[in-house]
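Survey of secondary and tertiary structure
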Amino acid sequence: MNVLEVHNLKKYFATQKAVDGISMNIEEGGIFGLLGPNGAGKTTLLRMITGIFYQDSGEIIFNGKKFNPEKDVANIGYMPEERGLYKKMKIGEQAVYLARLKGLSKADANAKIKTWFQKLEMESWWNKKVEDLSKGMSQKLQFVTTVLHNPKLIILDEPFSGLDPVNANLIKDEIFSLAKNGSTVIFSTHRMEQVEEICNHIVLVNKGKNILDGKIAEIKNSYKENIYSLTADNLPAQGNSNLFDVVNEKQGKLLLKLKANSSPNDILQYFINEKAAIHSFNEVLPSLNEIFIKLVEGTATARQFQNVN
Amino acid sequence: MNKILLILKREYLTRVKKKSFVFTTILFPALYMALIFGTGYLSSSVQKMNIAIVDSSGYFGDSLLAKINANDSTILFTPVKDTSIKSHFRKAGYDGYIIIPPIDWQTGRKNIKFITDKTHGAGTESMIENKLNIIWSEVVNEKLGIDNEKKTVLNTSNISIKEENQENKNANSAVSSTIGYVCGFLIYFILLIYGSQVMMGVMEEKTNRIAEVVVSSVKPFQLMLGKIIGISLVALTQFFIWIACIFLVYTVGKMMGSESAVASAIVAGIQKSFASVNLPLILGCFAFYFMGGFFFYSSLYAAIGSAINEDVREAQSLSFPITLLIIFAIFMMSVAIRDPNGPIAVWGSIIPFTSPIVMMARLPFGVPGTVPAWQLILSMALLVIGFLCTTWLAAKIYRTGILMYGKKPTWKEMLKWALRK
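My aim in this report is to walk through the structure given alongside it, one point at a time.

Parameters at a glance
- Residues numbered from 1 in each chain as written.
- Chains lettered and ligands numbered in written order.
- Predicted model: local features only at pLDDT ≥ 70, side-chain atom pairs only at ≥ 80, totals over all residues.
- Heavy atoms only, no water.
- Helix = DSSP H or I, 4+ residues; strand = E, 2+ residues; numbered from the N terminus.
- Rg over C-alpha atoms; globule rule 2.2 N^0.38 Å.
- Buried < 20%, exposed > 50% of the residue type's maximum accessible area, 1.4 Å probe, protein only.
- Contact = heavy atoms within 4.5 Å.
- Areas by Shrake-Rupley, 256 points an atom, 1.4 Å probe, with all protein chains shown as cover.
- Lys, Arg positive; Asp, Glu negative; His and termini not counted.
- Charge placed at Lys NZ, Arg CZ, Asp CG, Glu CD.
- 1 Å grid on protein atoms, 1.4 Å probe; cavity = no way out; pocket = protein on both sides within 12 Å on 5 of 7 lines; lining within 4 Å.
- Points joined across faces, edges and corners; volume = space filled by probe spheres on them.
- Nonpolar A, V, L, I, M, F, W, Y, C, P; charged D, E, K, R; others polar.
- Axes fitted to C-alpha atoms, helices over the stretch in contact; angles between N-to-C directions.
- Parallel < 35°, antiparallel > 145°, perpendicular 65-115°, else oblique.
- Pairing = 2+ DSSP bridges.
- Phe/Tyr/Trp six-rings, centres within 6.5 Å; stacked < 30°, edge-to-face > 60°.
- Lys NZ or Arg CZ within 6 Å of the ring centre and 35° of its normal.
- Salt bridge = Lys/Arg side-chain N within 4 Å of Asp/Glu carboxyl O.
- Polar contact = N/O pair within 3.5 Å; in protein donor to acceptor, adjacent residues only side chain to side chain.

Another point: the overall build of chain B. Broken down by element type, chain B carries 16 helices and four strands. For 421 residues, the compact-globule estimate of 2.2 N^0.38 gives 22 Å, and chain B exceeds it by more than 25% at 30 Å. Within chain B, the proportion of its 421 residues that are buried is 44%. Looking at chain B alone, contacts between residues at least 24 apart form 78% of all its contacts between residues at least 6 apart. By element, 66% of the accessible surface of chain B is carried by carbon and sulfur atoms, the whole surface being about 23,000 Å². Taking the 40 positively charged and 26 negatively charged side chains of chain B as two groups, their mean positions are separated by 13 Å.

So, on to empty space enclosed by the protein. To find leftover empty space, a probe the size of one water molecule is rolled over the atoms. For the structure on display, the rule yields one cavity of 30 Å³ or more. The space that makes up the largest cavity amounts to roughly 80 Å³. Lining of the largest cavity is provided by A:Tyr78, A:Leu98, A:Lys102, A:Thr145, A:Thr146, A:His149, B:Val213, B:Ser216 and B:Ser217. By residue class, the composition of the lining of the largest cavity is three nonpolar, five polar and one charged.

Moving on, we get to the packing of helix 15 (residues 373-401) of chain B against helix 16 (residues 411-419) of chain B. Residues and elements named next belong to chain B. Two numbers describe how helix 15 lies on helix 16: the axes approach to 7 Å, and their chain directions differ by 110 degrees. Accordingly, the angle class assigned to the pair helix 15 and helix 16 is roughly perpendicular. In this structure, helix 15 contributes Leu393, Lys396, Ile397, Thr400 and Gly401 to the contact, and helix 16 contributes Met414, Trp417 and Ala418. Among the residues making up the contact of helix 15 with helix 16, the classes are represented as five nonpolar, two polar and one charged.

Turning next to the sheet that holds strand 5 (residues 65-66) of chain A. Residues and elements named next belong to chain A. Pairing within the open sheet is antiparallel, and its four strands lie in the order 2-1-4-5. Each edge of the open sheet carries a strand with a single partner, namely strand 2 (16-27) and strand 5. Pairing of strand 1 (residues 2-13) with strand 2 involves eight bridges; the strand directions are antiparallel. Bridging across to strand 2, Leu4 finds its partner in Ile26.

Hydrogen bonds between backbone atoms are what pair the strands of a sheet, whose relative direction is either parallel or antiparallel. Residue and element names in this part refer to chain A. As summarised here, the arrangement of the four strands in space is 12-13-11-14, forming an open sheet in which the pairing is antiparallel. The sheet is open, and its two edges are formed by strand 12 (244-250) and strand 14 (277-284), each paired on a single side. Across this sheet, the average inter-strand angle for adjacent strands is 25 degrees, counted without regard to direction. Pairing analysis gives seven bridges linking strand 11 (residues 227-233) to strand 14, with the strands arranged antiparallel. Across the sheet, residue Ala232 finds its bridge partner in strand 14, namely Ile278. The sheet contacts of helix 9 (residues 264-273) involve strand 11, strand 12, strand 13 (253-258) and strand 14, and relative to strand 14 the element is tilted by about 160 degrees.

What follows concerns the packing of aromatic side chains. Within the structure shown, the criterion is met by 25 aromatic pairs over all chains. Ring geometry for B:Tyr59 versus B:Trp136: centroids 5.2 Å apart, planes at 75 degrees, classification edge-to-face. You can see B:Tyr59 sitting in the loop between strand 1 (49-55) and helix 3 (62-71) and its partner B:Trp136 sitting in helix 5 (residues 122-144), a full 77 residues away along the chain. The exposure classification of B:Tyr59 matches that of B:Trp136, with both residues buried. Geometry around A:Trp126 places A:Lys114 over its ring, the cationic atom sitting 5.1 Å from the centre. Positioned above the aromatic ring of A:Trp116, the side-chain terminus of A:Lys119 is 4.2 Å from the ring centre.

A separate point is the interface of chain A and chain B. Facing the 24 residues of chain A at the interface are 20 residues of chain B. Summed over the shared surface of chain A and chain B, the result is two salt bridges. Run the count over chain A and chain B and you get nine residue pairs in polar contact (both at pLDDT 80 or more). Elements supplying a minimum of two residues to the side of chain A that touches chain B: helix 1 (42-49) and helix 3 (91-101) of chain A. When residues in the side of chain A that touches chain B are grouped by element, the largest group, six residues, is from helix 3 of chain A. Grouping the amino acids of the side of chain A that touches chain B by side-chain chemistry returns eleven nonpolar, five polar and eight charged.

What follows is the structure, given as structure tokens:
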């Protein structure tokens, strides 16, 4: 079942087609990556999904029904890229306040915050003020306030920026366990290595349109270029072969591109015949980073102002 | 609705718990009193002067000068015979000198020169003139043969008038003016002080980037309304404390009344002022115009706050036109108090931009004596319509502005935000 469906969503600003006909489906319980270069329209898209903006046209289906911001925001947790908290407010009070705005009762909010604070070792923070926290600490607090009310859909915009590796791992584990417990996570970023590690499904957005949509493994498969890596001792001297081209050679490691009519088995056979001592042989799939760059490359690096009419 | 309640509770509590709230609540009346009594004291303490009088008319004799000096010594007239005083009056200890030329007693004389070495104000000039005229009238009286008995008649026999409004026999224009002034000024201060608090609060949420988090839970309109209502309640709390203090002084004064003359004077004063006006009407209208005016202006301040970025100077330059309107209202108020039936007073108290202040200044003069019922009803209705309009407009600007970073928007852009669907 899809927890969120977006159909041909559009939002134009005065000088910008920020979101220009995006459609996507997000399955329940998955971790979903929303990728795109700066200014691709990610934040605008997320703001429509969270009910902050109204779309110009198109449809948002949340949980099988037409998205109704007033009611549905209680089931959404949104952590915007630009973090924000009341600096002068005590941390405990602030977490309770934000939770109650999401519709939790006071007692419920208190109990949930206590558990989360324990889990993330933040108990001693309760009576401190936000201005006393470091950037990473307030990031953690922000994460807690986002997921506190057990939302069905959690939207995280660059959740790891400003976190050290230890705390980043801590948050990452929490994201996994939230997904395991049935929440759906939308994860917006332009850090590809994190996406590969965390997400199972991605949408790539550029210039307000989605240009790529699918499971990571499938996407990688569809962008593969039949490149294999082989490490071996006693490699034969490489002449021209009708089986493969050598892309790169480095101290017992070959990067080969297969020709159209050859299979990996043919290659292995060839090297075995040549008496090479093979250590490893595997297919090299393109990284998301490479796919990303390939798809986005050639379009202007910054979005240009355009006339909307 | 529940969410607005949560927001206003936070806005209210964080402000009331602040030390600065306690401070201003106590300090404001103290400063206000200091201002009133302080200026009174300063204006009453006039510098003493010593002026040499060189008389060549023969009328300003030593005995007359001595007599007048005995009555009032702030300006001392010292008879001097030697005209060489001209060159060294400062050294001789005089602030200036007057050489009185020969005068015809029937016509008097204009523009007698008062020579000094620094310029004194018009006030000093007229004081010296008055004092000289007291002496001169003695001279003239004597010439005309008016004795002391006739003089007393001349001085005491006169006619005075007192206004009585047939619609409202109790009306007392002095008390009405005072109450009008106090009400108008209170609303003026509240609009300026708490209006800018609304603006700063919105700015804080925007620059802290908490706004985006909050508007993903509540509608921007709810956030804005919660803030405005919360802050208006802070202002009301402050009022309540002040009124409670006055009441406390009143009751304590009443109990001590028999023993202390000062206390009983205060009690009598309060009783007298309140007896001459329709107190429930004034208080009710005050609450109405305070709330109406506050919503009217603070929603505009909220819109401004949402449109600007961190820069305080931007805030000042964008909010200046609104502040100017409030200051304009206080000018209209001072006209309205002098002439509560004049066209400026009437129109000023009907148009919502100025009505909270101007109408409050007119109301103590009496309804329906000075303010006909239709004017009051029209003014209230227009204020309600006015604040609905400004809140609606502000909400639209706010909705866009609160998430808009970057350059300062122009008035034209803000108007566009407001008029967009």
